[in-house]
There are 2 protein chains.
Amino acid sequence: MRIVVLAGGIGGARFLRGLKQAVGPEADITVIGNTGDDIHLFGLKVCPDLDTVMYTLGGGIHEEQGWGRSDESFAVKEELKAYGVGPEWFGLGDRDFATHIVRTQMLGAGYPLSAVTEALCDRWQPGVRLLPMSDDRVETHVLINQDGEKKAVHFQEFWVKLHATVPAEAIIPVGAESAAPAPGVLEAIAAADVIILPPSNPVVSVGTILAVPGIRAAVAKAAAPVVGLSPIIGGAPVRGMADKVLAAVGVETSAAGVALHYGGRAAGPDGTAGTGLLDGWLVDTSDAAAVAGVESAGIVCRAVPLWMTDVDTSAEMARAALALAEEVRRA
Amino acid sequence: MRIVVLAGGIGGARFLRGLKQAVGPEADITVIGNTGDDIHLFGLKVCPDLDTVMYTLGGGIHEEQGWGRSDESFAVKEELKAYGVGPEWFGLGDRDFATHIVRTQMLGAGYPLSAVTEALCDRWQPGVRLLPMSDDRVETHVLINQDGEKKAVHFQEFWVKLHATVPAEAIIPVGAESAAPAPGVLEAIAAADVIILPPSNPVVSVGTILAVPGIRAAVAKAAAPVVGLSPIIGGAPVRGMADKVLAAVGVETSAAGVALHYGGRAAGPDGTAGTGLLDGWLVDTSDAAAVAGVESAGIVCRAVPLWMTDVDTSAEMARAALALAEEVRRA
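All figures in this text were calculated on a predicted structure; none of them were measured in a lab.

Student: Can you help me understand the packing of helix α4 (residues 94-108) of chain B against helix α5 (residues 113-124) of chain B in this one?
Tutor: Residue and element names in this part refer to chain B. Here α4 crosses α5 at 140°, and the two axes come no closer than 10 Å. The orientation of α4 with respect to α5, classified from their angle, is oblique. The crossing of α4 and α5 is right-handed. Residues Thr99, Val102, Arg103, Met106 and Leu107 of α4 form the contact with α5, whose participating residues are Leu113, Val116, Ala119 and Leu120. Across the contact of α4 with α5, the residue classes break down as seven nonpolar, one polar and one charged.

Student: How should I be thinking about the domain arrangement of chain A in this particular structure?
Tutor: Many descriptions give the size of an interface as the accessible area lost when the pieces come together. Residue and element names in this part refer to chain A. Along its sequence, chain A is carved into domain 1 (139-172) and domain 2 (185-330). Distance between the C-alpha centres of domain 1 and domain 2: 25 Å. With seven residues of domain 1 in contact, the opposing surface of domain 2 contributes eight residues. It is strand β8 (residues 168-174) that contributes the most residues to the side of domain 1 that touches domain 2, four residues altogether. By residue class, the composition of the side of domain 1 that touches domain 2 is five nonpolar, one polar and one charged.

Student: Is there a simple way to think about the sheet that holds strand β6 (residues 139-146) of chain B in this case?
Tutor: By definition, the strands of a sheet pair up through backbone hydrogen bonds, in either a parallel or an antiparallel sense. Residues and elements named next belong to chain B. Read across the sheet, three strands follow the order β7-β6-β8 without closing on themselves; strand pairing throughout is antiparallel. The open sheet has two edge strands, β7 (149-154) and β8 (168-174), and neither has a second partner. Ignoring strand direction, the axes of neighbouring strands in this sheet form an average angle of 25°. Pairing of β6 with β7 involves six bridges; the strand directions are antiparallel. Residue pairing across strands places histidine 141 opposite histidine 154, the latter belonging to β7.

Student: Looking at this structure, I do not really get the interface of chain A and chain B. What am I missing?
Tutor: Tallying the contact residues gives 21 residues for chain A and 21 residues for chain B. In terms of residues, the side of chain A that touches chain B owes the most to one element, helix α4 (residues 94-108) of chain A, which gives nine residues. Here the side of chain A that touches chain B is built from residues that sort into 11 nonpolar, six polar and four charged.

Student: What is the right way to look at the relation of the copies chain A and chain B in this model?
Tutor: Copy one and copy two of the chain differ by a rotation about an axis and a translation along that axis. Overlaying chain A with chain B gives an RMSD of 0.0 Å, the required rotation being 180° about an axis along which the chain moves by 0.0 Å. Expressed as a symmetry operation, the mapping of one chain copy onto the other fits a two-fold axis. Residue Asp94(A) of chain A places its C-alpha closer to the rotation axis than any other residue of that unit, at 3.5 Å. In this assembly, 100% of the residues forming the interface of chain A have copies in chain B that are likewise at the interface, indicating an isologous arrangement.

Student: Looking at this structure, I do not really get the pairing of strand β10 (residues 226-229) of chain A. What am I missing?
Tutor: The side chains of a regular strand alternate between both faces of the sheet. All names here are of chain A. Residue alternation in β10 divides its side chains into two sets, Val226 and Gly228 and Val227 and Leu229, and both sets are buried. For strand β9 (residues 194-197) and β10, the ladder comprises three bridges, and the chain directions are parallel. The residue of β10 that forms the bridge with isoleucine 196 is valine 227. Two strands pair when backbone bridges link them, and β10 and strand β13 (residues 280-283) are joined in this way by three bridges, in the parallel orientation. Its bridge partner lying in β13, glycine 228 is registered against tryptophan 281.

Parameters and conventions
Residues numbered from 1 in each chain as written. Chains lettered and ligands numbered in written order. Predicted model: local features only at pLDDT ≥ 70, side-chain atom pairs only at ≥ 80, totals over all residues. Axes fitted to C-alpha atoms, helices over the stretch in contact; angles between N-to-C directions. Helix = DSSP H or I, 4+ residues; strand = E, 2+ residues; numbered from the N terminus. Parallel < 35°, antiparallel > 145°, perpendicular 65-115°, else oblique. Left-handed = near helix turned anticlockwise from the far one by under 90°. Contact = placed C-beta atoms within 7 Å. Nonpolar A, V, L, I, M, F, W, Y, C, P; charged D, E, K, R; others polar. Domains from an automatic or database assignment. Pairing = 2+ DSSP bridges. Least-squares fit on C-alpha atoms with pLDDT ≥ 70 in both. Buried ≥ 20, exposed ≤ 12 C-beta atoms within 10 Å, placed from the backbone.

Below, the structure is given as structure tokens:
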């Protein structure tokens, strides 16, 4: 079974770990990773979401933190601070630095990001095919309103430095409109047996991937069923600050709100046009009341436990997503 | 008193520490540092000699080793090895990596090496003005004869990887002929009250500096006395493998051999033309027998202890060099 997952960072990575357990080693999983939160720091190219997926699936992740390396040290960071070189708010550890050094060296030598990612994965053996959404540079910027002054800042500055505490008025995937899907991305979507939108941020993770010209259309017309899992439970993000960026794009922070944001592929009984992406949607059991509203938009919806407390619960969610895919495939 | 020193790595740095102690904080010391052993590793620009001087004078050097940082760790190196990215033979520590990251980022932003070096020294406060010999890229390569096959390798490969165990047939400062002295280099030489060639490698350290067009001529015509200290004691290098590279340029590994290699500025009583650089030369007391030969080439020569066992002995050597400079100035 060929499974394609459009993934962001922590939520996507943890779901993928469950998915791998659920389907076993024989499944063929392609991950299309968000690169919109990539950032150049200290002259090095940092790809937080790709690395979070790679480290999580490869056994190198800092488990409690959810990002960065286990058994990490911070000598380089300490020295950079002694040199007065910032930013200090992005916490790169020594082991993590090595990844960025290798990546930057390869990019400098002319390899595209997809080839670099493959080379890095050659060490980590994540058990999935990890593709960046694009080899072209896309950087998500956030239009913020800080004390009455509007300015666009890099997503990481909004997210990591400002902790999303200032209002976001717009999310701008700079460069997306002229980016091309990385080699293999459209082919994987077209050949997929199942396409999954994991509980990643629908705006700055999955939304950015979909902003690369060609990817949204490929998902919309894919032969495979498309199912998603809500990153919102009970009106709040499971993790992170998705509500802040949902507000910026005018989407209600609710399990149904995100489903309707993605939209359904089939025309809904309520007359919804069916120009969206989803065949199926999973909400948490606590959001069971949202099922009817989602289904009225032509999206088959089920309520199952969506807390990824460990690999087993994540695997159970993955099984529910695959079961829903079979259900909507038959429909 | 304005003192100019043409320095390589460990020997030059240790001499400079003694010189600083000898002259006190009021003296104005400009160091023209060798950059011929610079190397790009992992996409980063590494300047071993500049860093050795900076760390030694700034209190960050690994004392026993003579190069690299004190209190060093090797997480980045370990990770690079796990990625299969080499070379492994050049041991960069985590703290040292930060220096190269800052340097590479600044160079990438368009700053010349001299400005970058000044910025790095802003942290280390070495108490001297440290100038790279040139802002242009010069890389010393060594023509080696390895098992009958001749090939040119980077100096660091010859020195650090091969430990100078294969015959060196020529020393080639690649790029030197089109390099220009860094801003301030020629001005410092012209304005100097004393010019010192410390016990650095006469071929791959001082020799490379002198290979940058304009520098040798500036030293030769400088108003200040030029005095040097032998890096060879009793027919062997005090440190390192200078004999290997002296052989490659056809110079005898002896205190007198190096003096004659530099040459005297005055015409010698033996009829030597006086097209060289030295007014004075210090040999170790154990090489006192060499004094007459050096002096016959028009170079005033004195025998004093030349083992830099600690800062005090290095300071004593510096005082001897300054005294010799006064002697030849009066002459």
